[in-house]
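Here is how the chains run, residue by residue.
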Amino acid sequence: MAIGYGIRLKVWGDYACFTRPEMKTERVSYDVMTPSAARGILEAIHWKPAISWKIDRIHVLNPIKFDNIRRNERAGKIPAGKVKSALRGGEVALFQDSSQDAVQRASLVLRDVCYGIDAHFELTDQAGPEDTVEKHYNITLRRMRKGQCFYQPYFGCREFPVRFELVEGEMPASCYTGEKDLGFMLYDIDFADGMKAVFYRAVMVDGIIDIQRCLAFGGVS
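Remember, predicted model here, so these are calculated numbers, not experimental data. (Residues numbered from 1 in each chain as written. Predicted model: local features only at pLDDT ≥ 70, side-chain atom pairs only at ≥ 80, totals over all residues. Heavy atoms only, no water.)

**Student:** Could you give an account of the environment of phenylalanine 155, with specific residues and numbers?
**Tutor:** Within the fold, phenylalanine 155 resides in the loop between α3 (133-146) and β6 (163-166). Residue phenylalanine 155 is classed as buried on the basis of its relative accessible area of 0%. As for phenylalanine 155 and lysine 48, which are separated by 107 residues in sequence, their C-alpha atoms are 21 Å apart. (Helix = DSSP H or I, 4+ residues; strand = E, 2+ residues; numbered from the N terminus. Buried < 20%, exposed > 50% of the residue type's maximum accessible area, 1.4 Å probe, protein only.)

**Student:** Give a description of the packing of aromatic side chains that names residues and reports values.
**Tutor:** Using the criterion set out here, one finds six aromatic pairs in the structure. Plain terms: the ring middles of phenylalanine 18 and phenylalanine 155 are 6.0 Å apart, the flat faces sit at 90° to each other, and that makes the pair edge-to-face. Here the residue phenylalanine 18 occupies a position in the loop between β1 (7-16) and β2 (27-28), and phenylalanine 155 occupies one in the loop between α3 and β6, the gap between them amounting to 137 residues. Its relative accessible area of 4% is what places phenylalanine 18 among the buried residues. A centroid spacing of 5.5 Å and a plane angle of 75° characterise the contact between tryptophan 53 and phenylalanine 121, whose relative ring orientation is edge-to-face. Of the two residues, tryptophan 53 sits in strand β3 (residues 51-60) while phenylalanine 121 sits in strand β5 (residues 102-123), which places them 68 residues apart along the sequence. The same class applies to tryptophan 53 and to phenylalanine 121, which are both buried. In textbook terms, an aromatic cluster arises when at least three aromatic residues are bridged by ring pairs, as seen for Phe18, Tyr115 and Phe155. When the ring centre of tryptophan 12 is taken as origin, the NZ or CZ atom of lysine 10, which lies over that ring, is 5.4 Å away. The positively charged end of arginine 143 is found above the aromatic ring belonging to phenylalanine 150, 4.2 Å away from the centroid. (Phe/Tyr/Trp six-rings, centres within 6.5 Å; stacked < 30°, edge-to-face > 60°. Lys NZ or Arg CZ within 6 Å of the ring centre and 35° of its normal.)

**Student:** Provide a residue-level description of the nonpolar core, including the pertinent values.
**Tutor:** Ranked by size, the top nonpolar core spans 49 residues in total, and within it Val11, Met33, Tyr115, Phe155 and Ile209 carry the most contacts. If one sorts the elements of this core by residue count, β5 sits on top with eight residues. (Core = buried A, V, L, I, M, F, W, Y, C linked by side-chain atoms within 4.5 Å.)

**Student:** Describe the side chain of histidine 59, naming the residues involved and giving the relevant values.
**Tutor:** Tracing the sequence through the fold places histidine 59 in strand β3. Dropping the residues within four chain positions of it, histidine 59 is found in contact with Cys114, Tyr115, Gly116, Asp118, Met171, Gly207 and Ile208. (Contact = heavy atoms within 4.5 Å.)

**Student:** Go over unusual backbone geometry with me, naming the residues and quoting the values.
**Tutor:** A positive phi angle is found at aspartate 112, which is not glycine, with a value near 55°. Along the chain, aspartate 112 turns up in strand β5. Residue aspartate 206 is not a glycine yet carries a positive backbone phi of 55°. By the secondary structure assignment, aspartate 206 is in the loop between β8 (196-205) and β9 (208-210). Note on aspartate 206: relative accessible area 43%, which makes it partly exposed.

Structure representation (C-alpha cells):
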C-alpha cells in the first residue's frame, strides 16, 4: 500500500449540520466536523477507486456557535417500485409533489464555521500501473488551487455548501487553547460491515483534533 503526500485544506461556510445519530426526529449537530464529513469534502474535489482519503487532523478555526432553525423536509421518498417500473419502460410519475409529505422540523445547526483539514491518501488494491502517488497528488493540488470539484461539497446537508482553498503554508491558528473533550463522535461508516457506524473519542487540544492520536488512545467502538 503506497501512502500519498499530505495536503492541507481550509474549508468554511455559513452553516453546517453534522447530525448526531442518536437524535431521531430533530436534527442536532455535533460541536465540530466529523472525520467522515471531512473525507466527503475531499472526495468531492478528487476521488478515484484507486485512492482512499485518510483524515489526520481537523483544525477548529472559528468559535463553535449554534443556531436553531426550521427546515422543510420530506417525510418519505419515491418508492423503489416506481423506479424499477420506469426502468422497464413503464409510465410512472418520478417526482414528489411539494404540497404533499412536507414536514417542518427544528434543527440545531452550527453557524459561521471554518475548519482546517490535514489529510493524506493511500493507494487501494484497485490502483493500476498508471495510478501513482505523484499523479494523484498533483491532480489534487491542481484541482484545489483552481477551486474545482466533481460536485459541490457540503457541510452535512446539501443546502450548506462548502467554500475551500488550498493551504500551502502554515494552517491559520485556532481561536481555542487548552484541552476539550468532545465525547464520542461518529468516526465513519463501515460499508463492508453492513453500514455499521463507527465511533471514536474526540479530544481537541489547542483547537486541533488529532484523529490518529484519538484513535490510538481512545480506540473506536
